[in-house]
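Topology and contacts: notes
Okay, here's what each chain looks like letter by letter:
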Amino acid sequence: MPLAPSIRSRFRSLSILILLGLMLNLIVSWSLLLIPRYSAAADLRIVQFRNPNTEYPHDAIFSVIHQWFGVHEHQFYLTRRSRSRDLPKRTSIYWTWLPWDSDPDAITRGNELFTSFAPEHPDHAIISTTRVGFPSLAMETQSLVDDFSLLSNGSLRTESHYGFISRVDGVAGTTKPGIWPHAPYILFPYKPIWIGFAINTVFYTTLVSMLIWTVRQIKHARRMRRGRCPHCDYELHHDFRDGCPECGWRRVQAKAEQ
Ligand SMILES: [Zn+2]
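What counts and how
- Residues numbered from 1 in each chain as written.
- Predicted model: local features only at pLDDT ≥ 70, side-chain atom pairs only at ≥ 80, totals over all residues.
- Helix = DSSP H or I, 4+ residues; strand = E, 2+ residues; numbered from the N terminus.
- Expected span 1.5 Å × (residues − 1).
- Buried ≥ 20, exposed ≤ 12 C-beta atoms within 10 Å, placed from the backbone.
- Core = buried A, V, L, I, M, F, W, Y, C linked by C-beta atoms within 7 Å.
- Axes fitted to C-alpha atoms, helices over the stretch in contact; angles between N-to-C directions.
- Parallel < 35°, antiparallel > 145°, perpendicular 65-115°, else oblique.
- Left-handed = near helix turned anticlockwise from the far one by under 90°.
- Contact = placed C-beta atoms within 7 Å.
- Nonpolar A, V, L, I, M, F, W, Y, C, P; charged D, E, K, R; others polar.

Our focus in this paragraph is helix α5 (residues 194–225). The end-to-end C-alpha separation of α5 is 46 Å, in line with the 46 Å expected for 32 residues at 1.5 Å each. By the burial criterion, the buried members of α5 are Gly196, Phe197, Ile199, Asn200, Thr201 and Tyr204. The first or second residue beyond α5 is Gly227, which carries a positive phi of 80°.

Pasting the structure below:
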């Protein structure tokens, strides 16, 4: 089986490329949450939903959506809260999408979240779903901030499902729901949104492959201009007809043509 080693090496380089694409996908997704930490810019929508269906424990849910480049945060809470900060710049740069989003309506989602977190002080709880990723949303977390009582170290009670959330600073908590409630603290989502995860991995794998290909083409062209073998840099004195005696570049092809 003379072809086996080349197939194996191709398979190996493809695996490395996919791994690189996967890592880039993760790094970009997690890094995107740094943007709202340093910028107040966000698009914000507040909607109140009233539920006529009494089977739900909560018949009114307030909902805010914050969106920014590669970040989509949906907040849910039970009582209307005054905003003590100015509205942010209303910039509609999302550039992030989630194909086949199965997220149900806010009242159903809000009730599900409040049931799953079962907060000690429901009227003081803000539950958020945060999804990040580019070009598609790829990672998700759910988090709760309870601003009813300050903990002994001055922070607020927090909780997270499928993610990590650091304790929220009490001062930041008093302005809730802030422009970017997650801005002052660390949020780390680790639940994959599979469709977005796959799309992003393919996207970054393609990107890495194109980059490697371009760099290789430039390198080969430069070697040939210097009269050397494009593959191994062996000195050919601009005589490319017979290929390279060192690495066999164009040799197999040339022999077959004879
Ligand atoms: Zn060569």
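Read on for the rest.
A few words on the nonpolar core. Counting residues in hydrophobic clusters, the biggest one holds 15 residues, and the most contacted among them are Ile61, Phe76, Tyr77, Ala125, Ile126, Ile127 and Val145. Those elements that provide at least two residues to this core are β3 (71–77), α3 (106–117), β4 (125–132) and β5 (139–150). With 4 residues, α3 is the single largest residue contributor to this core. Within the second largest apolar cluster, 13 residues are counted, among which are Leu137, Ala138, Ile165 and Phe197.

Axes are the key here: two packed helices are described by the angle between their axes and the distance separating the axes. Two elements in contact, helix α1 (residues 4–32) and α5, have axes separated by 7 Å at closest approach and are oriented at 120°. As the angle between them shows, α1 and α5 are arranged oblique. Crossing geometry of α1 relative to α5 is assigned as right-handed. Packed against α1, whose contacting residues are Leu17, Ile18, Leu20, Gly21, Leu22, Leu24 and Asn25, the element α5 presents Phe197, Asn200, Thr201, Tyr204, Thr205, Val208 and Ser209 at the interface. Looking at the contact of α1 with α5 residue by residue, the classes come out as 8 nonpolar, 6 polar and no charged.

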